[in-house]
Amino acid sequence: PQFHVHKVDGPIQPGSYGRVVTLGAFKMIKVNAAFGEIMPGDLLVSSKDPGYAMMSEDPRIGTVVGKALGSWKGGRGVIPVIVQSH
C-alpha cells in the first residue's frame with residue numbers, strides 16, 4: 001500500500017520535510033475481513049483464523065492487537081495498524 005502524508009495546507013511534496021506524529025508503533029498486520037469490514041479506527045483483535053487480526057465491536061482485555069489505520073473490505077489482506085498492548 002502507498003501512504004500519503006498531509007499537512008494543514010496540503011500534501012507534503014517529494015523532497016520536502018514534514019513532521020510525523022504517532023500514538024505508538026505502527027506495522028503492517030495481516031487481517032481477515034470475513035468477520036466484518038475493517039475501517040480506519042476500528043479495534044482489531046486476534047482472529048479465529050490463526051495469524052490474522054479481525055475487527056471487533058466488543059474487545060476483551062488481552063485480545064486487542066491494535067487500531068486499524070487502513071481499511072479492508074473482504075477476505076484476507078494486510079493493512080497498517082497502530083500496535084497496542086492491552
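Here the structure is a predicted model, which is why all the values come from computation and not from measurement. Just so you know, the residues in each chain are numbered from 1, in the order the chain's sequence is written. Restriction of local features to residues with pLDDT of at least 70 applies here, the model being predicted, together with a cutoff of 80 or more for giving and counting side-chain atom pairs; totals for whole chains, interfaces and linings are based on all residues. The basis for every side-chain value is the complete set of heavy atoms in the structure, and neither hydrogens nor water enter the calculation.

Draft legend 1. Structural view of the overall build of the chain. To qualify as a helix, a DSSP run of H or I must reach at least 4 residues; to qualify as a strand, a run of E must reach at least 2; elements of each kind are numbered from the N terminus. Along the chain, the regular secondary structure elements total 0 helices and 7 strands. Moving toward the C terminus, one meets the helices and strands of the chain in the order β-β-β-β-β-β-β. Counting all 86 residues of the chain, 30% fall into the buried class. Two residues qualify as a contact provided that any one of their heavy atoms is within 4.5 Å of a heavy atom in the partner residue. Within the chain, residue pairs in contact and separated by at least 24 positions form 47% of the contacts whose partners lie at least 6 positions apart. What sets the accessible areas is the Shrake-Rupley method with a 1.4 Å probe; for residues, cover comes only from the shown protein chains. Of the roughly 6,200 Å² that the chain leaves accessible, carbon and sulfur atoms contribute 57%. Exposed residues in this analysis have more than 50% of their type's maximum accessible area, buried residues have under 20%, and partly exposed residues fall in between, with area computed by a 1.4 Å probe over protein chains only.

Draft legend 2. How the structure looks around the environment of Lys-30. One can find Lys-30 in strand S3 (residues 26-32). When the C-alpha positions of Lys-30 and Tyr-52 are compared, they lie 5.0 Å apart, and in sequence the two are 22 residues distant. For Lys-30, the contacting residues outside a window of four places in its chain are Gly-51, Tyr-52, Ala-53, Gly-77 and Val-78.

Draft legend 3. View of the environment of Trp-72. Within the fold, Trp-72 resides in the loop between strand S6 (64-68) and strand S7 (76-83). What makes Trp-72 partly exposed here is its relative accessible area of 27%. Taking C-alpha positions, Trp-72 is 6.4 Å from Ala-33, a pair spaced 39 residues apart along the chain. Once residues lying within four places of it in the same chain are set aside, the contact partners of Trp-72 are Val-31, Ala-33, Glu-37, Ile-38, Gly-77, Val-78 and Ile-79. In protein, a polar contact means a hydrogen-donor-capable atom and an acceptor-capable atom, both N or O and within 3.5 Å, with residues adjacent in sequence counting only if both atoms are side-chain atoms; elsewhere, any N or O pair within 3.5 Å suffices. There is a polar contact of 3.3 Å between the side chain of Trp-72 and the backbone oxygen of Gly-75.

Draft legend 4. Structural context of the packing of aromatic side chains. When the centres of two rings from Phe, Tyr and Trp lie within 6.5 Å, Trp using its six-membered ring, the rings pair. Their planes under 30 degrees apart give stacked, over 60 give edge-to-face, and anything left gives tilted. Under the definition given, this model contains 0 aromatic pairs. Directly above the ring of Tyr-52 sits Lys-30, whose terminal nitrogen or CZ lies 4.9 Å from the centroid. Two conditions define a charge located above a ring, namely a distance within 6 Å from the ring centre to NZ of Lys or CZ of Arg, and an angle within 35 degrees of the ring normal.

Draft legend 5. Layout of the side chain of Ser-56. Tracing the sequence through the fold places Ser-56 in the loop between strand S5 (53-55) and S6. Here Ser-56 is in contact with Leu-43 and Val-45, once residues within four sequence places are set aside.

Draft legend 6. Examining the nonpolar core more closely. Grouped together as the largest cluster of nonpolar side chains are 10 residues: Ile-29, Val-31, Ala-33, Ile-38, Leu-44, Ala-53, Met-55, Ala-68, Ile-79 and Val-81. Elements with a contribution of two residues or more to this core: S3, S5 and S7. Once you skip the residues sitting within four places of it in the chain, Ala-53 turns out to touch Ile-29, Lys-30, Val-31, Asn-32, Leu-44, Val-45, Ser-47 and Val-65. Nonpolar cores are built from buried Ala, Val, Leu, Ile, Met, Phe, Trp, Tyr and Cys residues. Side-chain atoms within 4.5 Å join them into one set.

Draft legend 7. Representation of the pairing of S6. A strand pair is defined by DSSP finding two or more bridges across the two strands. Two elements, strand S4 (residues 43-46) and S6, share 3 bridges in a ladder whose sense is antiparallel. Pairing of Leu-44 across the sheet is with Gly-66, part of S6.

Draft legend 8. The arrangement of the confidence of the model for the chain in detail. A residue-level look at the chain finds 72% of positions with pLDDT of 70 or above and a mean pLDDT of 79. S5 holds the highest mean pLDDT among the elements of the chain, 91, whereas strand S1 (residues 6-7) holds the lowest, 50. Confidence scores labelled pLDDT are given residue by residue by the predictor and lie between 0 and 100.

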